Amino acid sequence: MWDNQSRLLVAVSGGADSMALLGLIQRMPVEWRPQFAVVHIHHHLREESDEEFWMVQNYCRSQGIPFFAKHWPKENHPQSNLEMAAREFRYAFFAEMMAAWPATCLATAHHADDQLETILMRLVRGSTLQGISGIAAARAFGSGQLVRPLLPFQKQELYRICAIAGIPYREDSSNAELIFTRNRFRNSVIPLLKAENNQASRHFGEFSDDLQDVLKTVQPIVAQTFRRLFTKAEAQWILDLDAWKACEPSLQRLVLSHFVTEQLIETGHDFRRSQIGAVLDLIENPAPQKQISLAGGWQARKRYDKLVFLSPDSASSDFFDFSEKLELNRWVSLPSHGRIGLFHGDNAFSKDLPEGAVIVGISDAGTLLPLTVRSRRSGDKISLNKEQPFTKKVSRLFVDKKIPAEERKEAVIVTDGEGRILWIPGYAQSVWLSEDDKEKTCFRLIYIK
């Protein structure tokens, strides 16, 4: 996990696990021992937190070990999800110190019993395959690696190490409180398993190693398929449903699990299997447009042949009411995207246009002016057929053209002085407009997205 040229931060709480880890690193042969320092969080959650802080600090001072600590004041504690908030505070500080010291590795004291608890909790809750493979021995973190060298050790072995080497530690009284999920497993479920076989934690560790080996072997296939099916557009991920349906169901599930594990959730957080099931149900739903909410504020939106995953920051806001008169030879910037303008047919400015500009002609503007560009409204209708005097609802037009809901919100409407819809840029034009024939049209409507 490191060599003697590495710089190692050791996360030490003061319990037997982390103090045993610190003692073992101290006693490594010189040719293996890295430079190391200790990081500690004073959570201010219990009365004995002060004792733990002073014990770890004094031990480091007596041993000449660099020591860095940070306090988490009570006034900053949340009313709910305390465990998760404490974890996020700890790891934010650890990442900060890795950059500041600087360090190549952060070592934590997770051990075989922690692995057993983690796998059981994730199985019971319903996690991804990656989730139930348990705690990895090493993973990327901050500016380097997070490593867990004690995963092969059982808890009782760590107590023995502290006793043999005379390493001080403090017991965390909150470990007996059953209000925390992990403590309920630790104190009520795990003892039953160990009564059946006192090597249960070691066997779960072997299961974790085997499953992680399998995942590592199939990972290239899954990653290659993921890159073929998914594309990223700013803060969104887009799944091609036509290509998806051509894959075997087993590969579909593995690719989706890979996506949520590697892209949708932060490293170190868990994602429940029920969420993957909800995405699969959404894909199979016959409705062409439908959406669901996912963990962490993400949304999955089915839009015909695409499935769009939107991050909490990228969820599109509703299109607000907008209306502005179109004056000759002047551009109007649109609130969602692009610009639109009304120009004389011979206006030089209207001729030097980027590729993709959309142009329609007006042969007799006198009967249509003034023109207005506005957002869509309920009940909007447009006349499309020159042969028969009927109108079509704009909402129906979008359904027929399979336009996604987000694009519909951003669409704009151009109307004449009587309120008739002349043009829906990018989608349809009415019978009142001409083709862009310069010889017959006096005005040009130009839209640039």
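My aim in this report is to walk through the structure given alongside it, one point at a time. (Residues numbered from 1 in each chain as written. Predicted model: local features only at pLDDT ≥ 70, side-chain atom pairs only at ≥ 80, totals over all residues. Heavy atoms only, no water.)

### A closer look at the packing of aromatic side chains
Phase 1 of the analysis: This structure, assessed with the given rule, holds 16 aromatic pairs.
Phase 2 of the analysis: Site record: aromatic cluster; members linked through ring pairs are F226, F230, W237, F259 and F309.
Phase 3 of the analysis: In this structure, R7 packs its charged tip against the face of W101, placed 3.9 Å from the ring centre.
Phase 4 of the analysis: We note R87 situated over the ring of Y91; from NZ or CZ to the ring centre the distance is 4.5 Å. (Phe/Tyr/Trp six-rings, centres within 6.5 Å; stacked < 30°, edge-to-face > 60°. Lys NZ or Arg CZ within 6 Å of the ring centre and 35° of its normal.)

### As for the pattern of salt bridges
Phase 1 of the analysis: What the rule picks out here adds up to 17 salt bridges.
Phase 2 of the analysis: One salt bridge in this structure joins K194 and D113, with 2.4 Å as the shortest N-O distance. Of the two residues, K194 sits in helix α7 (residues 181-196) while D113 sits in helix α4 (residues 112-125), which places them 81 residues apart along the sequence.
Phase 3 of the analysis: What makes K194 partly exposed here is its relative accessible area of 24%.
Phase 4 of the analysis: Across the pair D240 and K306 runs a salt bridge whose closest N-O atoms are separated by 3.9 Å. Taken together, the residues D240 in strand β8 (residues 236-240) and K306 in strand β11 (residues 306-310) connect sequence positions 66 residues apart.
Phase 5 of the analysis: Its relative accessible area of 31% is what places K306 among the partly exposed residues. (Salt bridge = Lys/Arg side-chain N within 4 Å of Asp/Glu carboxyl O. Helix = DSSP H or I, 4+ residues; strand = E, 2+ residues; numbered from the N terminus. Buried < 20%, exposed > 50% of the residue type's maximum accessible area, 1.4 Å probe, protein only.)

### Quick notes on unusual backbone geometry
Phase 1 of the analysis: A cis amide bond links W101 with the next residue in sequence, P102, at an omega value of -5°.
Phase 2 of the analysis: By the element assignment, P102 lies in the loop between α3 (82-100) and β4 (105-107).
Phase 3 of the analysis: One non-glycine residue, H44, lies in positive phi territory at about 55°.
Phase 4 of the analysis: By the element assignment, H44 lies in the loop between β2 (35-42) and α2 (49-63).
Phase 5 of the analysis: You will see that K402, though not glycine, has its phi angle at about 55°, which is positive.
Phase 6 of the analysis: Looking at where K402 falls in the secondary structure, it is placed in the loop between α12 (394-400) and α13 (405-410).

### Quick notes on the nonpolar core
Phase 1 of the analysis: Ranked by internal contacts, the top residues of the largest apolar core, which has 27 residues, are V38 and V56.
Phase 2 of the analysis: Listed by contribution, the elements that provide at least two residues to this core are β1 (7-11), α1 (16-26), β2, α2, β4 and α6 (155-165).
Phase 3 of the analysis: The greatest single-element share of this core, amounting to 6 residues, is contributed by α1.
Phase 4 of the analysis: Excluding its chain neighbours within four sequence positions, the residues that come into contact with V38 are V10, V12, L22, V56, C60, I65, P66, F67 and F68.
Phase 5 of the analysis: With 25 residues, the next largest nonpolar core counts L251, V279, I283 and L307 among its residues. (Core = buried A, V, L, I, M, F, W, Y, C linked by side-chain atoms within 4.5 Å. Contact = heavy atoms within 4.5 Å.)

### Considering the packing of α1 against α6
Phase 1 of the analysis: Viewed as axis vectors pointing N to C, α1 and α6 meet at an angle of 55°, and their least axial separation amounts to 9 Å. Between α1 and α6, the angle is such that the two are oblique. The handedness of the crossing between α1 and α6 is left-handed. Taken together, the residues of α6 that come into contact with α1 (itself represented by A16, D17, A20 and L24) are K155, L158, Y159, I161 and C162.
Phase 2 of the analysis: Across the contact of α1 with α6, the residue classes break down as 7 nonpolar, no polar and 2 charged. (Axes fitted to C-alpha atoms, helices over the stretch in contact; angles between N-to-C directions. Parallel < 35°, antiparallel > 145°, perpendicular 65-115°, else oblique. Left-handed = near helix turned anticlockwise from the far one by under 90°. Nonpolar A, V, L, I, M, F, W, Y, C, P; charged D, E, K, R; others polar.)

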